[in-house]
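# Architecture at a glance
One-letter residues, chain by chain:
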Amino acid sequence: MPNSPSALEDLWSRGVAANTGAPAGVLLRLLDPAAGEARRILCAQRSLPQEVMDAAVAHPDAKVRRSFARNPHVPAAQRARLAEDPHGFVRAQVASGPHPRPRRPRPLPDEALIFLLTAEDGGEPGLLTANEIAQELVFSHQIPASFRRRMQGHAHPALRIFAAQPWSWLTPEHRRALLADPHPDVRASAERSARTADPAAMEAELPEHACHHRWMILNNYALSDAVVEACLADPECRWSLAGNPYTPRHAFARLARDVDPKVRERVAGRADLDPALWAALAEDPDERVRTRARVQPLPRTRAQCQAVDHETGRCAYDCDCYVLEPCEDPDPDWYRACAVSEEVLLRRAAARYAGLPADLVLRLAEDPDEEVRHRLASWHPLAPAAIVLAAFVARPAQRPHLLMQSRLPRTGLAHLLGHEDPEVRALAAADPTGRAPVELLTDPDEHVRRAAAANPLFSRDTLETLLRDPATAEGAAANPGLPAVRLHALLDSAHLPR
């Protein structure tokens, strides 16, 4: 039995696992069980050469395959290779998605989605069921809305059932087709979904006490006249009623006069207002209500209203939630019009639209509103590097997302070496241009020290010194300036087999 690695040798293994310059032959050694934590870092926390990805997918240890299945740095198509893995927990990890989850989840290929959604239990005692894995997939945000639309006429009934949700976004023709589907399971599912548009059925299901199911009904499903009247009399329910797509028009006028401006604001954001009520809300005494009405003159669609709602709700500023594909195809012309609007809320909505053309991207990159520029930097693939860097510095909640993007500048950062925020210093410390960040090798923050020691501007002699210091050893082992022969020697010291 070889001796277990010392603390210093363990740091070297971890650093080599993160070394972007390490060739595949070096990295493959880290797939050995003796690599310990370094193996997990390799499989779960970095991009990988194709040879290493192939080895991880075919590795006999399910722990390796599970780590690879959660890696946010590898393409979704590579993770999808494990969708049919013999181990249930590996399949479940593919279904639950990368960790940490990216802000704009990358969809799995159709073939993987179809397999996971139609799989049957394989007789693995004690593991997750096929249905539980499918539920992980549904909540992972790896299924684009366009997939649901593509599955509407699929031969497999489970996929036609899946395509029938959410019911309120389906066309009348699609609803009729589902209710008349030749497969009894599809018809039964469609009938259950159709109940959400049946006021009497929803009244019978409505729980008396606060819970998630009650919240879902009051916000999203059809309501009987009795339930509507009860909600109008209950201050705790009126906000839900104001946004429910099935709320009858006669209730709008009463909700538009509610004492709570948040209720009136939600009414002002509906797509189905009549012109008179819209005009009244556009003159509301509360500025937020007036703005919500005026920013979108009639006519407007439900999808357009949702895009603006995203800019006025809790996601309006330093948001770190997902950006998902809308249930309806986006209207490129509407987003283009928003980009040149005088209304800042519309320009903010346009800045999140990845399909905005290059000329409008450049226009929004110079927008006087900082929030427009930050949204563009975080969400548009053509955002100029300067505003992406500015968003990284100004918006800590955006940093995990931005660090995953090639749009974030990695050079020309010397002016940030002395920044007060350690995350910003760490980004600057890794800049391979300019000068070696010697002063950051003793930074009080370990992430900054690690990034500084990994900077390829340091000489080989300096790296050897850094490798012997526990404060910088891991970063030095991650330095891409180390040749393969030296990296192999570090792994030899950790007793990893070749």
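The coordinates are above.
Residues numbered from 1 in each chain as written. Predicted model: local features only at pLDDT ≥ 70, side-chain atom pairs only at ≥ 80, totals over all residues. Heavy atoms only, no water.

Moving on: the overall build of the protein. Secondary structure assignment for the protein yields 33 helices and zero strands. Looking at the protein as a whole, 48% of its 498 residues qualify as buried. Partitioning the contacts of the protein with sequence separation of at least 6, the portion at a separation of at least 24 is 51%. Surface summary for the protein: the accessible area is close to 23,600 Å², and the carbon and sulfur share equals 55%. Each charge class in the protein was averaged separately, 60 positive and 67 negative side chains, and the resulting centres sit 1 Å apart. (Helix = DSSP H or I, 4+ residues; strand = E, 2+ residues; numbered from the N terminus. Buried < 20%, exposed > 50% of the residue type's maximum accessible area, 1.4 Å probe, protein only. Contact = heavy atoms within 4.5 Å. Areas by Shrake-Rupley, 256 points an atom, 1.4 Å probe, with all protein chains shown as cover. Lys, Arg positive; Asp, Glu negative; His and termini not counted. Charge placed at Lys NZ, Arg CZ, Asp CG, Glu CD.)

The biggest cluster of nonpolar side chains holds 103 residues, and the ones touching the most others in it are Leu30 and Leu108. Beyond its immediate sequence surroundings of up to four residues, Leu30 is in contact with Ser13, Val16, Ala17, Ala35, Ala38, Arg39, Leu42, Leu491 and Leu496. The next biggest cluster of nonpolar side chains, apart from the first, holds 27 residues, and it includes Ile217, Val227, Val228 and Leu232. (Core = buried A, V, L, I, M, F, W, Y, C linked by side-chain atoms within 4.5 Å.)

Quick look at the pattern of salt bridges now. Side chains carrying opposite charge are able to pair once their charged atoms draw close together. One pass over the full model with this rule turns up 33 salt bridges. Of the charged contacts in the structure, one is a salt bridge between Glu283 and Arg294, with a shortest N-O distance of 3.4 Å. A residue pair is termed long-range when its members are at least 10 positions apart, and Glu283 in the loop between helix 20 (275-281) and helix 21 (287-294) and Arg294 in helix 21 qualify at 11 residues. Residue classification places Glu283 among the exposed positions, given a relative accessible area of 58%. Residue Arg294 is classed as partly exposed on the basis of its relative accessible area, which comes to 39%. The shortest N-O distance in the salt bridge between Glu446 and Arg450 comes to 3.4 Å. (Salt bridge = Lys/Arg side-chain N within 4 Å of Asp/Glu carboxyl O.)

Contact geometry for helix 8 (residues 110-118) and helix 9 (residues 130-138): axes closest at 8 Å, N-to-C directions at 135°. Overall, the two elements helix 8 and helix 9 adopt an arrangement that is oblique. Contacts between helix 8 and helix 9 involve Leu113, Leu116 and Leu117 from the former and Ala130, Ile133, Ala134, Leu137 and Val138 from the latter. Of the residues that constitute the contact of helix 8 with helix 9, the class distribution is eight nonpolar, no polar and no charged. (Axes fitted to C-alpha atoms, helices over the stretch in contact; angles between N-to-C directions. Parallel < 35°, antiparallel > 145°, perpendicular 65-115°, else oblique. Nonpolar A, V, L, I, M, F, W, Y, C, P; charged D, E, K, R; others polar.)

This part takes up the packing of helix 27 (residues 385-394) against helix 29 (residues 422-429). Taken N-terminus to C-terminus, the directions of helix 27 and helix 29 make an angle of 140°; their axes are 9 Å apart at the nearest point. Judged on the interaxial angle alone, helix 29 and helix 27 are oblique. Contacts between helix 27 and helix 29 involve Leu389, Phe392 and Val393 from the former and Glu423, Val424 and Leu427 from the latter. Looking at side-chain class alone, the contact of helix 27 with helix 29 contains five nonpolar, no polar and one charged residues.

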